[in-house]
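Read off the chains here:
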Amino acid sequence: MQNPLLTREITKRPEQVKLQGRILFLTEDPELIRRQLAGEDLPWDTKNPANNPKLRDDISTDEITPAHYCFYFDETLGEIPYLGLKCGTETPIKRGDVKRGGFVAAVSGKRRGKGSSREQSPYAELCAGIQLVIAENIERIYKQNCQNLGVLTSTDFSLIDKVRSGEEIPLSVFTKGEDEITRQVIEYGGLFPFNVARMQGKVKLPPITTKKRPMTLAEKIFAKHMVADHNTVGVEAVKPGDTGFTRTDLRFSHEYVTPMAAIFYEQLVGKETPVNDASSIMFFRDHLTFLDEVMSEEKKKMGLLDLAGQLKLKQEAFAKSQGIKLHGELKDRKGSEGICHSIVAESYALPGQVNVGSDSHTPHVGAVGCIAFGIGTTDVFNSWITKDVRVKVPESVKIVIKGKRKANVTAKDFILAILALDYVRSGQALAKVMEYAGEAIEELGVDERATMTNMAAEIGGFTGIVAPDKKVVEFLVERRGMDRKKAESLLDDLKSDPDAEYAKVIELNAADITPMVATPGDPGNGKFIRELNTPVPVEIAYGGTCTAGKNEDMDMYALVLKNALQQGKKIAESVKFYIQFGSQSTREYCLKQGYVDIFQKAGAIIIEPSCGACINAGPGVSTRPEQVVISAQNRNFPGRSGPGQMYLASPLTVAATAVAGYIVEYDPQHERELVGA
């Protein structure tokens, strides 16, 4: 496999960087954006930032490359960047504007590149001519994707003056403060050339020399998986900041990412070259199963539906040629076998493993006590060569939720409360492990814990994890039929040491948390329902996705709807309530429990597994800007699930709202009524 790469010529970038072109300032003011696109260069005072227009914060990858344009997996993406960028109520950037504008750098505010791990975003920027991204802080996966592709990143706004003056900038400016491996990735112009140089012996991995020390759960797992000298795996200990490559137990990707990774692999490695250990790689067809039902006629005429179909075909062909397991579409009805995260949690992930996936919500399976994190396309295809991925051991944040939760409070309410904390909203949790603990977390089942670990992605964390315990053992025995003693043996030493070090310890009291919503625009806009000033009528209620399509989520939808039926109520006439299974296993569970009958009698619309509405690709999406949606999914970024106003909430709240017709708390103490806002 490595022979053709061993003889390939690989060189480093020049030591001086000269960026020739314009700078695009992504401001909150749409008129300023339009003026730049028309040819005006905005003045910018780097010494007195208060004099400058306000830059957009929280630019998500959904705004850089809206989901329906990610069907492209070639340089056509260069026409796409920032098409979803929201400035007030406007989206001022049109197709091809950035590429025509001659921009070489793009500047924004806090938390650049949050959300989805899609590498299409920095690739679109690169293909449009953007070679440098400057922001106050940058999300981990997006930044790593930029580095992997050769796009330079910085938080140093003084570079604006240097670019504008045509001054040469030392490459060391972009490598300063980076770990040894990241420095070399930047110097070689991307991850693939670095890995080729690594195979050729031109670069060496810095040895991890950390001596035995108290470690967090995440650090213990990394210590056992870090690649040491002579390709042996495992070191005595690690500490935050240690860098290297971690050997993976499982690698997976879905149809949004596999085709682009496959193209990279075939072009750069070779069609005939087998991947490294196909048995530990999995593909999923889970994102676009219902796309045809919601795509507009305008987009269909643009050929986007046909293009999306090519993603499926390319993934199928590559899986077949490489002998890789593909969890695909159903043969007897429309739908998929399940969402990647749901299936990995139900059938594959084990305590103590390292799993990587082409999706920012890969931390979902941290609920069983493993390290799981999202990676971009370049990381995916490189892992097919090496079976490892680069890692800088992250700091951990311990979030302790004490006491007993209220009966109508769920894991979703916990995570919305965490997302609203200043520590998270200010970006201080970026790239850190979220370790959840405390009596209220221990009381949660594995499915509910998965909601917490899944939405570590919205925090901007590296991953989320819960120390495995007897509930994980029960999960493995009941869901997988695993021998109990074998399941128990997997838990050995999988807990943080009492004196382990954390970047931050956050303590919350479960009794202080009541049902919450995140108001439209960002998952961090958390608010207690009882603090909503006026009733909020809704037109669409949606229960599903990886975050809220699990067995325990279905228990909650069924509980509320069963109570409603007992009171002679159904779903409000003004509301469409969609319930979508996360996997076929969950569908079978609902049939066995009699939930499907309850859902149908109450008037819910039942959908087979798929990511669907969460990525604007299935029933449950909004179609008008004024349309109000309440959803149990994980994100409500502008435009992610249609143009409407989306509130995020727990399965209990979503179902109760569907019955009431407006946002309400579910009150289990008085099952005869729903308590309004």
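Below: a short report on this structure. (Residues numbered from 1 in each chain as written. Predicted model: local features only at pLDDT ≥ 70, side-chain atom pairs only at ≥ 80, totals over all residues. Heavy atoms only, no water.)

### Considering the overall build of the chain
Then comes step 1: When its secondary structure is counted, the chain shows 29 helices and 26 strands.
Then comes step 2: In terms of overall size, the chain behaves like a compact globule, its C-alpha atoms giving a radius of gyration of 24 Å where 677 residues would be expected to give roughly 26 Å.
Then comes step 3: With respect to the three principal axes, the spread of C-alpha positions in the chain is 75 × 60 × 50 Å.
Then comes step 4: Taking the contacts inside the chain whose residues are at least 6 apart along the sequence as the reference set, 74% of them involve residues at least 24 apart.
Then comes step 5: Accessible surface, the chain: about 25000 Å² in total, of which carbon and sulfur atoms supply 48%.
Then comes step 6: On the chain, the mean spot of the 84 positive side-chain charges and the mean spot of the 89 negative ones are 1 Å from each other. (Helix = DSSP H or I, 4+ residues; strand = E, 2+ residues; numbered from the N terminus. Rg over C-alpha atoms; globule rule 2.2 N^0.38 Å. Contact = heavy atoms within 4.5 Å. Areas by Shrake-Rupley, 256 points an atom, 1.4 Å probe, with all protein chains shown as cover. Lys, Arg positive; Asp, Glu negative; His and termini not counted. Charge placed at Lys NZ, Arg CZ, Asp CG, Glu CD.)

### What to know about the packing of helix α12 (residues 258-268) against helix α17 (residues 377-386)
Then comes step 1: Across the interface, α12 lies against α17 with an axial gap of 9 Å and an inter-helix angle of 55°. As the angle between them shows, α12 and α17 are arranged oblique. In this structure, the crossing between α12 and α17 has a hand that is right-handed. Contact residues: α12 offers T258, M260, A261, A262, F264, Y265 and L268, while α17 offers T377, T378, V380, F381, W384 and I385.
Then comes step 2: Each residue belonging to the contact of α12 with α17 can be placed in one class, and the counts come to 10 nonpolar, 3 polar and no charged. (Axes fitted to C-alpha atoms, helices over the stretch in contact; angles between N-to-C directions. Parallel < 35°, antiparallel > 145°, perpendicular 65-115°, else oblique. Left-handed = near helix turned anticlockwise from the far one by under 90°. Nonpolar A, V, L, I, M, F, W, Y, C, P; charged D, E, K, R; others polar.)

### Remarks on the environment of D379
Then comes step 1: Here D379 lies in helix α17.
Then comes step 2: Each C-alpha atom, one on D379 and one on V391, is 11 Å from the other, the two residues being 12 residues apart in sequence.
Then comes step 3: Sequence-distant contacts of D379, defined by excluding residues within four places in its chain, comprise E119, Q144, N148, L191 and V389.

### Quick notes on the nonpolar core
A general trend in soluble globular proteins is that nonpolar side chains are found buried together.
Then comes step 1: By size, the foremost hydrophobic cluster in this structure holds 123 residues, and its most contacted members are Y82, F373 and W384.
Then comes step 2: By residue number, the principal contributor to this core is helix α10 (residues 191-199), which donates 6 residues.
Then comes step 3: In this structure Y82 touches L24, L26, E63, I64, I93, V98, A106, R112, E125 and I130, once residues within four positions along its chain are discounted.
Then comes step 4: A558, A572, V628 and A649 belong to the second-largest nonpolar core, a separate cluster that totals 41 residues. (Core = buried A, V, L, I, M, F, W, Y, C linked by side-chain atoms within 4.5 Å. Buried < 20%, exposed > 50% of the residue type's maximum accessible area, 1.4 Å probe, protein only.)

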